[in-house]
Amino acid sequence: MIRSAYLVVAGLFILTPLVVVGVVAFTSASFVSFPTPGFSLRWITKVLADPAFMRPLANSVLLGLAAALSAALLAVPAALALARGGFRGAAEIESFLLSPLSLPALILSIALLFYLSRLGMGAGFIGLLVGHTVIVLPYMLRTVLAVARGADPALEEAAFVLGADPWRSFLHVTLPILRPGIVAGALFSFLVSFDEVAVALLLSTVSTMTLPVAILNHVANNYDPAIAAISLIKIVLVVAVLVALELGFGLDRLMLSRRRP
Amino acid sequence: MTRGRLEVRGLRKRYGAQTVVDGVDLDVAAGSFVALLGPSGCGKTTLLRCIAGLVAADAGAIRIDDRDMVGLPPWRRSLGMVFQSYALFPHMSVAANVGFGLRMQGVSRGDAAERIARALQMVRMEGFDGRRPAQLSGGQQQRVALARALVTAPPVLLLDEPLSALDAKLRLAMRSELRELQRGLGITTLFVTHDQDEAMAVADQVAVMDHGRIVQIAGPETVYRRPATPFVAEFIGRINRLDGLADGLAMVRPEHVRLCPPGDSLDGDMGVEGRIVDIVFAGDRLEIHVEAGDRRILCMRSATAGPPPAIGSAVRAAWSRSDMLTYRT
């Protein structure tokens, strides 16, 4: 009884702002108000046609995918080495790779800005990608490492004895076994990158601006229902990705390596 | 059978300061079944892994049918191996698991399908092609692992404690199945185990290992009746140490000890007087523990040979000199 009451309160606490956003996105008024005087699609269509939102949205999607990919490229070899262990400093290296979790993103972005401009790159997509890769790497490493640690080391040896060289054994055995961790890590990575502001604020330029930065800029200048509309589009996009993955593969199967009976 | 002669010469492997395999020589005739038996840490698994190529030996030679294996990576040795954990690929079906070696060899799909079917039939797992390893019982997984190791017709089959994960009943059943399969195929087999009953039951030859060396290699009966060293005598089966009763180190198997009334004539046999302190009923036999001074002698006799003696009764434990094993110390 108390527990379900608690769940209802917690649910309302989380969902109410989302409901307000969802309703305001369809307002017919030209200002933010709740309840809305009437419903229309004017703000949704306006935002969808506005390159000031759509270009950053495309940038964010691209950046999220690229960050997840580069995090995977770094995390998979690192996780394999760490799971095998047995070398000096393994624990320290693991802590180091997970340390961005405890580092304020703003500090990281300032440091990156200095560093990249010294290298002559400054702000831009590469800078954003580097920053986001650092931020999402711990999520990817955690999930891949969990799977790698749980895998039987004899699996790779069995592949060797059966005639697979290291590359083929990686491709046919190790990688498929790590897949649940990589998918889960990529999902987290994408979502974290998609929502990240601090690094994006300092490192994005006009042409590489991400969606959160664009929303922030818009809010700074005008407070109209376009914000609610783009927020709703963002939410729908994220939920659509989750639903598509669930329908296509089954999320818990992808992430927990559980097999369908 | 001329294929599958295994030859190991002067094999050495050390990890840091510890020598795990200390100059092993081993000859396995084509088609024979050899058990590598020893306590944990004796180097038997490392020896097997050296032969498989999973561990690089520091020195020595490994030849199969005069083909030098040292320096070849495991994927070029084309051997069959069953791991303790079976190591079935969890993301592949049974058929894909069994066919993995064929796929790596580039065997055509149709040809592979036929050979997979035959291998599964051989281990009586036909009809399980589409299952995942997680959907199989331990015994079934072990059969699939065996089929996977045998489907490429390797010259030598390496088994790393393949039965240890099974429960006792199934282990006994798989033991004889393994033996029949090996005999039927005539495949040279090297079987690592720490279980002496298992080694004696399946193998033509038992190689007993201690501290990285093979201390005796012989048929199961010889290893039991004529153990080459006190270590082998004590490791295989049960044995009474007879310290101080003969020159050097003397031992006698419990089944060679008989009990008679105290004061009976020994007829040139050896014996000690004491009293029965414990009797353990072990189904087909009785284990009778006799305490003679500070010595304990174990006597084993058939449970059906008359009524058991009473605990506490005075007896003489006697044995024939010819049954006694003596070692110079």
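Everything here concerns the structure above.
Residues numbered from 1 in each chain as written. Chains lettered and ligands numbered in written order. Predicted model: local features only at pLDDT ≥ 70, side-chain atom pairs only at ≥ 80, totals over all residues.

## Observations concerning the overall build of chain A
And step 1. Along chain A, the regular secondary structure elements total 12 helices and 0 strands.
And step 2. Traced from its N-terminal end to its C-terminal end, chain A shows the element sequence α-α-α-α-α-α-α-α-α-α-α-α.
And step 3. Counting only C-alpha atoms and orienting by the principal axes, one finds that chain A spans roughly 70 × 55 × 35 Å.
And step 4. Across the 261 residues of chain A, 35% fall into the buried class.
And step 5. Considering only intrachain contacts with a sequence separation of at least 6, the fraction spanning at least 24 residues in chain A is 72%. (Helix = DSSP H or I, 4+ residues; strand = E, 2+ residues; numbered from the N terminus. Buried ≥ 20, exposed ≤ 12 C-beta atoms within 10 Å, placed from the backbone. Contact = placed C-beta atoms within 7 Å.)

## So, unusual backbone geometry
All names here are of chain B.
And step 1. One non-glycine residue, tyrosine 86, lies in positive phi territory at about 70°.
And step 2. Its place among the elements puts tyrosine 86 in the loop between strand S6 (80–82) and helix H2 (94–105).
And step 3. Here the phi dihedral of arginine 124 falls at roughly 55°; this positive angle occurs in a residue that is not glycine.
And step 4. Here arginine 124 lies in the loop between helix H3 (109–122) and helix H4 (138–150).

## Observations concerning the pairing of strand S1 (residues 6–15) of chain B
Residue and element names in this part refer to chain B.
And step 1. Across 8 bridges, S1 lies against strand S2 (residues 18–28) in antiparallel orientation. Opposite lysine 13, over in S2, you have valine 21 as the bridge partner.
And step 2. The turn joining S1 and S2, which pair antiparallel and follow one another in sequence, is formed by 2 residues; a positive phi near 60° is taken by glycine 16.
And step 3. Looking at chain direction, S1 and strand S4 (residues 59–64) are connected through 5 bridges and run antiparallel. (Pairing = 2+ DSSP bridges.)

## Overview of the interface of chain B and chain A
By a widely used convention, the size of an interface equals the accessible area lost when the partners come together.
And step 1. With 19 residues of chain B at the interface, the matching set in chain A holds 16 residues.
And step 2. Ranked by residues supplied to the side of chain B that touches chain A, first place goes to H2 of chain B with 4 residues.
And step 3. Each residue belonging to the side of chain B that touches chain A can be placed in one class, and the counts come to 13 nonpolar, 5 polar and 1 charged. (Nonpolar A, V, L, I, M, F, W, Y, C, P; charged D, E, K, R; others polar.)

## Structural notes on the sheet that holds strand S14 (residues 270–281) of chain B
Residue and element names in this part refer to chain B.
And step 1. One open sheet holds the 5 strands; their spatial order is S13-S17-S14-S15-S16, and the pairing between them is antiparallel. At either end of the open sheet lies a strand with only one pairing partner, and these are strand S13 (258–260) and strand S16 (295–302). Taking the axes of each pair of neighbouring strands and ignoring which way they run, one obtains an average angle of 45° across the sheet.
And step 2. Relative to strand S17 (residues 314–319), S13 runs antiparallel, the two being bridged by 3 bridges. (Axes fitted to C-alpha atoms, helices over the stretch in contact; angles between N-to-C directions.)

## A look at the sheet that holds S6 of chain B
Residues and elements named next belong to chain B.
And step 1. On the basis of which strands lie adjacent, the open sheet formed by 6 strands has the order S6-S7-S8-S3-S9-S10 and mixed pairing. With partners counted over all chains shown, the strands left at the sheet margins are S6 and strand S10 (213–218), one partner each. Adjacent strand axes in the sheet meet at a mean angle of 20° when their direction is disregarded.
And step 2. As defined by bridge partners, strand S9 (residues 205–210) adjoins S10 across 5 bridges and the pair is classed as antiparallel. Bridged to valine 208 within S10 is glutamine 216.
And step 3. The strands that H4 touches are S6 and strand S7 (156–160); relative to S6, the one it contacts most, it runs at about 165°.

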